[in-house]
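Each chain, letter by letter, is given below.
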Amino acid sequence: MAKAFASQADLEEKKITFTRLSDNAYAYTAEGDPNSGVIVGDDGVLIVDTTATPAMAQDLIAKIRSVTDKPIKYVVLSHYHAVRVLGASAYFEEGAQQIIASRGTYEMIVERGEADMKSEIERFPRLFAGVETVPGLTWPTLVFEKEITLWLGKLEVKIAHLGSGHTKGDTVVWLPSQKVLFSGDLVEYDAACYCGDAQLEDWPATLEALRALKAEKLVPGRGPALLSPAEVDKGLDYTKDFVTTLLQAGREAVADKLDLKGSMAHTRKAMDPKFGHVFIYEHCLPFDVSRAYDEASGIRHPRIWTAERDKEMWAALQD
């Protein structure tokens, strides 16, 4: 019996947890599904990642309304993947004034936004509940190059691109006064890193740039909130191990002149014992192996995933 494509067979709803991290910050986490972050300032609210659809965003909005009635002023895109950004329109009804993204994220929307949207919806239908409520691509209204600072009243919020990794546009949100960091998918914990659009060689150095902030709490892209400096270090180390092991296996496969299917078998020997048990591992691994093989072959800029390419790759790697 053929294995279901990507996560089409994953129908199990996840438990949502809304955790207070500090006087102003909250984590919205979902047992390995994509996380969001919430910052409540003196005069408004900032969201980090929107959920996948306006319909799904209503649960996050309800959680916010359980702790504040302040307007949601800002939405930050930690990077561009449909599952993170297509719920953005829901927040305009709550007062949102700006959708903020890095230059690299904007360029990804221009280059591959439409293809990515179709690809992701077909890969993981459960994560796009109410997809009919999506009005189209999410476009930023404010694009920054390296870093910007917002003030939510007296609360300083830094939004920065510290380097590439998960994508070329990765953005973090940092509360320096409270040592709370929202990393997007630059950091994962107890979940596979999706690397289909990654800059794998760059990723470890970007993780070290995050480590240099000395965050005391961190909300990863997937997995539980990390609630102490020791847990933050574990999350950084876990992600670094995942991406370096993956790229090294890809380099070895290319050096040995293996084809993509051979690279998958070789990579599993290195990855399965350490990561085979974590959330969405089987979903991510074919895309991860494909990207590692490409990068090891000299393809610096990730090729665009389309719904057609997804399925061709998936079929080619099945036993």
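Just so it is clear, the structure is predicted and the values come from calculations on it, not from any experiment.

### Digging into the sheet that holds strand β3 (residues 33–40)
Phase 1: The seven strands lie next to each other as β1-β2-β3-β4-β5-β6-β7, forming an open sheet whose pairing is mixed. For this open sheet the edge positions go to β1 (17–20) and β7 (142–144), each flanked by a neighbour on one side alone. Between one strand axis and the next, the sheet turns by 20° as a mean value, whatever way the strands run.
Phase 2: Here strand β4 (residues 45–48) runs beside strand β5 (residues 72–76); their pairing, made up of four bridges, is parallel. Bridge pairing links Val-45 to Ile-72 in β5.
Phase 3: Helix α4 (residues 103–123) contacts β6 (98–102) and β7 of the sheet and is inclined by roughly 95° relative to β6.

### Details of the state of the cysteines
Phase 1: Throughout the structure, instances matching the rule amount to zero disulfides.
Phase 2: Unpaired in terms of disulfides, Cys-193 finds its nearest cysteine sulfur in Cys-195, a separation of 5.4 Å.

### Notes on the nonpolar core
Phase 1: Among the nonpolar cores identified, the biggest contains 73 residues, and Ile-47, Tyr-91, Cys-195, Leu-200, Trp-203 and Phe-242 are the most heavily contacted of them.
Phase 2: Here the element with the most residues in this core is helix α6 (residues 229–255); it accounts for seven residues.
Phase 3: Setting aside chain neighbours within four positions, we find Tyr-91 in contact with Ile-47, Thr-50, Thr-51, Ala-57, Leu-60, Ile-61, Ile-72, Val-75 and Ala-96.
Phase 4: Of all hydrophobic cores here, the second largest spans 22 residues; its members include Leu-152, Leu-155, Val-157 and Phe-182.

### Some thoughts on the UniProt feature "domain: Metallo-beta-lactamase" (unreviewed entry) in the chain
Phase 1: Here the UniProt feature "domain: Metallo-beta-lactamase" (unreviewed entry) sits at residues 33–222.
Phase 2: A distance of 6 Å separates the end C-alpha atoms of residues 33–222, which is 26% helix and 29% strand.

### A few points about the environment of Arg-268
Phase 1: Here Arg-268 shows up in helix α7 (residues 260–275).
Phase 2: With 22 residues separating them in the primary sequence, Arg-268 and Leu-246 have C-alpha atoms 9.2 Å apart.

### Observations concerning the pairing of β6
Phase 1: Burial analysis of β6 places four of its five residues in the buried class, which makes it a mostly covered element.
Phase 2: As judged from the three bridges shared by β5 and β6, these two strands associate in the parallel manner. Following the sheet pairing, Val-76 is matched in β6 by Ile-100.
Phase 3: Across three bridges, the pairing between β6 and β7 is parallel. Each residue of the ladder has a partner; that of Ser-102, found in β7, is Phe-144.
Phase 4: Read from β6 through α4 to β7, the crossover connection turns out right-handed.

### Comments concerning the environment of Cys-284
Phase 1: Tracing the backbone through its elements, the reader meets Cys-284 in helix α8 (residues 281–296).
Phase 2: As for Cys-284 and Cys-193, which are separated by 91 residues in sequence, their C-alpha atoms are 7.1 Å apart.
Phase 3: Excluding anything up to four places from it in sequence, Cys-284 contacts Ala-192, Cys-193 and Tyr-194.

### Description of the sheet that holds strand β9 (residues 155–160)
Phase 1: Spatial strand order, β8-β9-β10-β11-β12: five strands in an open sheet with mixed pairing. Taken across any chain shown, the strands that pair with only one partner, and hence form the sheet edges, are β8 (147–152) and β12 (217–222). The mean inter-strand angle of the sheet, taken between neighbouring strand axes irrespective of direction, is 25°.
Phase 2: Looking at chain direction, strand β10 (residues 172–175) and strand β11 (residues 180–188) are connected through three bridges and run antiparallel. Across the sheet, Trp-174 pairs through a bridge with Leu-181, a residue of β11.

Quick notes on the rules
Throughout, residues of each chain are indexed from 1 in the direction in which the sequence is written. It should be noted that, the model being predicted, local features are given only for residues of pLDDT at least 70 and side-chain atom pairs only at 80 or more, the latter also being counted only at that level, while totals for whole chains, interfaces and linings use all residues. Hydrogens are left out, water is left out, and the side-chain values use all remaining heavy atoms of the structure. By definition, two strands form a pair when at least two bridges between them are found by DSSP. A run of DSSP states H or I qualifies as a helix once it reaches four residues; a run of E qualifies as a strand once it reaches two. Both are numbered from the N-terminal end. Axes here refer to lines fitted to C-alpha atoms; in helices the fit is confined to the stretch in contact. Angles between the N-to-C directions go from 0 to 180 degrees. Contact criterion: two residues are considered in contact whenever any of their non-hydrogen atoms come within 4.5 Å of each other. Throughout, disulfides are identified as pairs of cysteine sulfur atoms within 2.5 Å of each other. Grouping buried Ala, Val, Leu, Ile, Met, Phe, Trp, Tyr and Cys residues that are joined through side-chain atoms within 4.5 Å yields what is termed a nonpolar core. Working definition: with a 1.4 Å probe on protein chains only, accessible area under 20% of the residue-type maximum means buried, over 50% means exposed, and in between means partly exposed. UniProt positions are given in the numbering used here, feature names are shortened, and annotations may be inferred rather than shown by experiment. Whether a crossover is right-handed depends on one test, that the path from the first strand over the helix to the second runs clockwise when the strands point away from the viewer.

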